[in-house]
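Single-letter residue listing:
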Amino acid sequence: MPGSPLTRRRNPHRSQAWSFSGMDYGSSRPRSHLVAKVLVAASLTALCMFILRQSSTSTTDLFAHRQEGVMHVLVTGGAGFIGSHATLRLLANGHRVTIVDNLSRGNMGAVHALEEIANPGMLQFINADLGDRKAVDEIFKKNAIDAVMHFAAVAYVGESVAEPLRYYHNITSNTLTVVEAMTAHNVKKLIYSSTCATYGEPTKMPIVEDTEQVPINPYGKAKKMAEDIIKDYTKASSDLAVVILRYFNVIGSDPLGRLGEAPRPELRHMGRISGACFDAALGHIPELKVMGTDYDTKDGTCIRDYIHVTDLVDAHVKALAHASEGTVKVYNVGTGVGVSVKEFVEACKAATGVNVSVSYLERRPGDYAEVYSNPSKIFRELGWKARYTNLTESLSVAWKWKMAHPNGYGDARSNS
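Definitions and cut-offs
- Here the residue numbering is sequential within each chain, running from 1 through the sequence in written order.
- For this predicted model, a pLDDT threshold of at least 70 governs which residues receive local features, and a threshold of 80 or more governs which side-chain atom pairs are given and counted, while totals over whole chains, interfaces and linings are taken from all residues.
- Only hydrogens and water are removed before side-chain values are computed, so all heavy atoms of the structure are retained for them.
- Secondary structure is summarised from DSSP: a helix means a run of H or I of at least four residues, a strand means a run of E of at least two, and numbering begins at the N terminus for each.
- Note on exposure labels: buried denotes an accessible area under 20% of the residue type's maximum, exposed denotes more than 50%, and partly exposed covers the range between, all computed with a 1.4 Å probe on protein chains only.
- In what follows, residue pairs with any heavy atoms lying within 4.5 Å of each other are defined as contacts.
- Surface accessibility in these figures is a Shrake-Rupley result with a 1.4 Å probe; residues are shielded only by whichever protein chains are displayed.
- What a helix should span is 1.5 Å times the count of its residues minus one.
- When DSSP finds two or more bridges between a pair of strands, those strands are recorded as paired.
- Note on method: axes are straight lines fitted to C-alpha atoms, helices fitted across the in-contact stretch only, with angles between N-to-C directions ranging 0 to 180 degrees.
- Each reported salt bridge corresponds to a side-chain nitrogen of Lys or Arg within 4 Å of a carboxyl oxygen of Asp or Glu.
- One fitted axis covers the seven residues ending at a residue, a second covers the seven starting there, and the bend at that residue is the angle between these axes.
- Take the buried residues of types Ala, Val, Leu, Ile, Met, Phe, Trp, Tyr and Cys, join any two whose side-chain atoms come within 4.5 Å, and each joined set is a nonpolar core.
- A clockwise course of the path from the first strand over the helix to the second, judged with the strands pointing away from the viewer, identifies a crossover as right-handed.
- Using protein atoms alone on a 1 Å grid, points that fit a 1.4 Å probe yet trap it form a cavity, whereas open point sets bounded by protein on both sides within 12 Å along at least five of seven lines form a pocket; residues with an atom within 4 Å of a point count as lining.
- Grid points are joined across faces, edges and corners, and a volume is the space filled by probe spheres set on the points.
- Throughout this entry, Asp, Glu, Lys and Arg are counted as charged residues, while Ala, Val, Leu, Ile, Met, Phe, Trp, Tyr, Cys and Pro are counted as nonpolar. The remaining residues, Gly among them, count as polar.
- The predictor attaches a confidence to each residue, and that confidence, scored 0 to 100, is pLDDT.
- Should an angle fall under 35 degrees it is taken as roughly parallel, and over 145 as roughly antiparallel, whereas 65 to 115 is taken as roughly perpendicular and any remaining angle as oblique.
- Note on convention: near helix rotated counterclockwise from far helix by under a right angle means a left-handed crossing. Clockwise means right-handed.

A. Local environment of the overall build of the protein chain. Counting secondary structure elements, the protein chain contains 14 helices and 13 strands. Within the protein chain, buried positions represent 49% of all 416 residues. The long-range fraction of contacts in the protein chain, counting pairs at least 24 apart against all pairs at least 6 apart in sequence, stands at 80%. Of the roughly 19700 Å² of accessible surface on the protein chain, a fraction of 53% belongs to carbon and sulfur atoms.

Dropping the structure here:
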């Protein structure tokens, strides 16, 4: 190894300086032993530092330079529920992944779980805020990104009504920052996480991609604005390849039990109904609160389309494979079946085996009565179709993970 201590050790002209075999050098013997020990220690230290530097440089180079046959995907919000499941799938498909998350809603425990699964040099985590333009630019500058899956966003309807400016900053402005960084660093593929909330409350069901977008809460409005930014930019940049996926209500967890949903305790009152139902079944909260029983639906409660997170991730993978230059494709990602909140609660009771207490309250501001999808376009163009459509079975798998992780991932940093 040129220039290393081992090379110097083989130099015949300096053999006495390296000798520590116990040969007798007269009165200088103790000094010779001391010098030899010091030199050996120094050389071993230098060798270790050299190896560590080489290892560090090698690992960094894997993310800083493109590798033939390996796609490097930047996953914003990769420590969150959906983003972590997407990262899991990307790693399984042989992609290199850089997660960017500020952990305001993400879970470091999910990152640790992914690190245990990932092969060396295939996953890195960067704690950064997408609102920091300089930090975002540095991420793109230092990493050879091939594609972006943009999940990062605050995503609670009620919270968006109470804190609208936060949602416009976090969703709309941050998406603009990501697209600008992609432009500056010649990254051409974007899979954007949008929502059925952009449609508002259509008069006709099911919802198709051409249904008029008239959002009725700041969350949906912020997402629609972000969509418009992406669409307008793509018209001016013919080589950008974009797929916008409009999610319906996401449930479930990894079928193999490696990841699950672990919302922060302080956000439980705003989270998904599945998480709230599990928290009630575990006794974390005294009861499940259902908002609104006077909607114009079959049983008075809201009707939603519940899509399994594994199916949702599969749609992202197919979108990544089919994204084509100079186009923006938009797809609904749902099952095509509407389920009422009361029906969901009964499925949750069956999945958990717990007769959860339920209280029925007034409507939540910004909610809409009935929303479910027509997913025929994504099936026709990408070959995607929801597979995990049995609600009770999907909730049973998620409940199994929850029972094994009653306090989330068990990492104090992720549950504080």
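B. Structural context of helix α9 (residues 218-236). The first and last C-alpha atoms of α9 sit 27 Å apart over 19 residues, in line with the 27 Å expected at 1.5 Å per residue. Of the residues making up α9, those classed as buried are Pro218, Tyr219, Gly220, Ala222, Lys223, Ala226, Glu227, Ile230 and Thr234.

C. The sheet that holds strand β5 (residues 189-195), seen in detail. Across the sheet, which stays open at both edges, the seven strands sit in the order β3-β2-β1-β4-β5-β6-β11 with parallel pairing between neighbours. Each edge of the open sheet carries a strand with a single partner, namely β3 (123-127) and β11 (327-333). The mean inter-strand angle of the sheet, taken between neighbouring strand axes irrespective of direction, is 15 degrees. Taken together, the five bridges between strand β1 (residues 72-76) and strand β2 (residues 96-101) define a ladder with parallel strand orientation. Within β2, the residue paired with Thr76 across the bridge is Val100. The sheet contacts of α9 involve β5, β6 (241-247) and β11, and relative to β5 the element is tilted by about 155 degrees.

D. How the structure looks around the pattern of salt bridges. The final tally for this structure, using the stated rule, is 20 salt bridges. Its salt-bridge partner being Arg66, residue Asp146 comes within 2.7 Å of it at the nearest N-O pair. You can see Asp146 sitting in the loop between α6 (133-142) and β4 (147-150) and its partner Arg66 sitting in the loop between α3 (29-64) and β1, a full 80 residues away along the chain. Between Asp294 and Arg363 there is a salt bridge, with the nearest N and O atoms lying 2.9 Å from each other. Here Asp294, found in the loop between β8 (288-291) and β9 (303-304), pairs with Arg363, found in the loop between β13 (358-361) and α13 (376-382); they are 69 residues apart in sequence, far enough to count as distant. Using a relative accessible area of 54% as the deciding quantity, one classes Asp294 as exposed. Among the charged side chains, a salt-bridge network with shared partners connects Arg105, Glu159, Glu163 and Arg166.

E. The arrangement of helix α8 (residues 164-184) in detail. Between its first and last C-alpha atoms α8 spans 29 Å; for 21 residues at 1.5 Å apiece the expected length is 30 Å, and the two agree. Taken as a whole, α8 carries its principal kink of about 25 degrees at Asn174. Among the residues trailing α8, Asn186 stands out with phi positive, at a value near 60 degrees.

F. Examining the nonpolar core more closely. Residues Ile82, Leu245, Val250, Val333 and Ile378 are the most contacted members of the largest nonpolar core, which totals 44 residues. Once residues lying within four places of it in the same chain are set aside, the contact partners of Ile82 are Phe151, Tyr247, Val250, Arg272, Val309, Leu312 and Val313. Core analysis: the second largest hydrophobic core is formed by 42 residues, Val136, Ala197, Ile230 and Tyr368 among them.

G. Just the pairing of β2, in detail. With respect to burial, β2 is a largely interior element, six of its six residues being buried. In this fold, β1 hands off to helix α4 (residues 81-92), which returns the chain to β2; that crossover is right-handed. Here five bridges tie β2 to β3, and the two strands are oriented parallel to one another. Among the inter-strand pairings, Ile99 is bridged to a residue of β3, identified as Phe125. A crossover links β2 with its parallel partner β3, the connecting element being helix α5 (residues 108-117), and its sense is right-handed.

H. Main features of empty space enclosed by the protein. Under the defined criterion, the tally for this structure stands at five cavities of 30 Å³ or more. Every residue lining the largest cavity is listed: Gly252, Ser253, Gly260, Glu261, Pro263, Ser274, Gly275, Phe278, Ala398, Trp401 and Lys402. Contributing elements (two or more residues each) for the lining of the largest cavity: α10 (273-282) and α14 (391-404). Here the residues of the lining of the largest cavity are counted per class, giving four nonpolar, five polar and two charged.

I. Structural view of the confidence of the model for the protein chain. Residues of the protein chain with pLDDT of at least 70 account for 84%, and the chain-wide mean is 87. Here residues 411-416 is modelled with pLDDT under 50, and outside its nearest four sequence neighbours on either side it reaches 16 contacts, counting other chains as well.

J. Region of the structure containing the packing of helix α12 (residues 341-352) against α14. Put simply, α12 and α14 touch, their axes get as near as 8 Å, and they point 50 degrees apart. With respect to α14, the element α12 is oriented oblique. Judged by the twist between their axes, the crossing of α12 over α14 is right-handed. Residue-level inspection shows Phe344, Ala347, Cys348, Ala350, Ala351 and Thr352 of α12 in contact with α14, the latter providing Leu391, Thr392, Leu395, Ser396 and Trp399.

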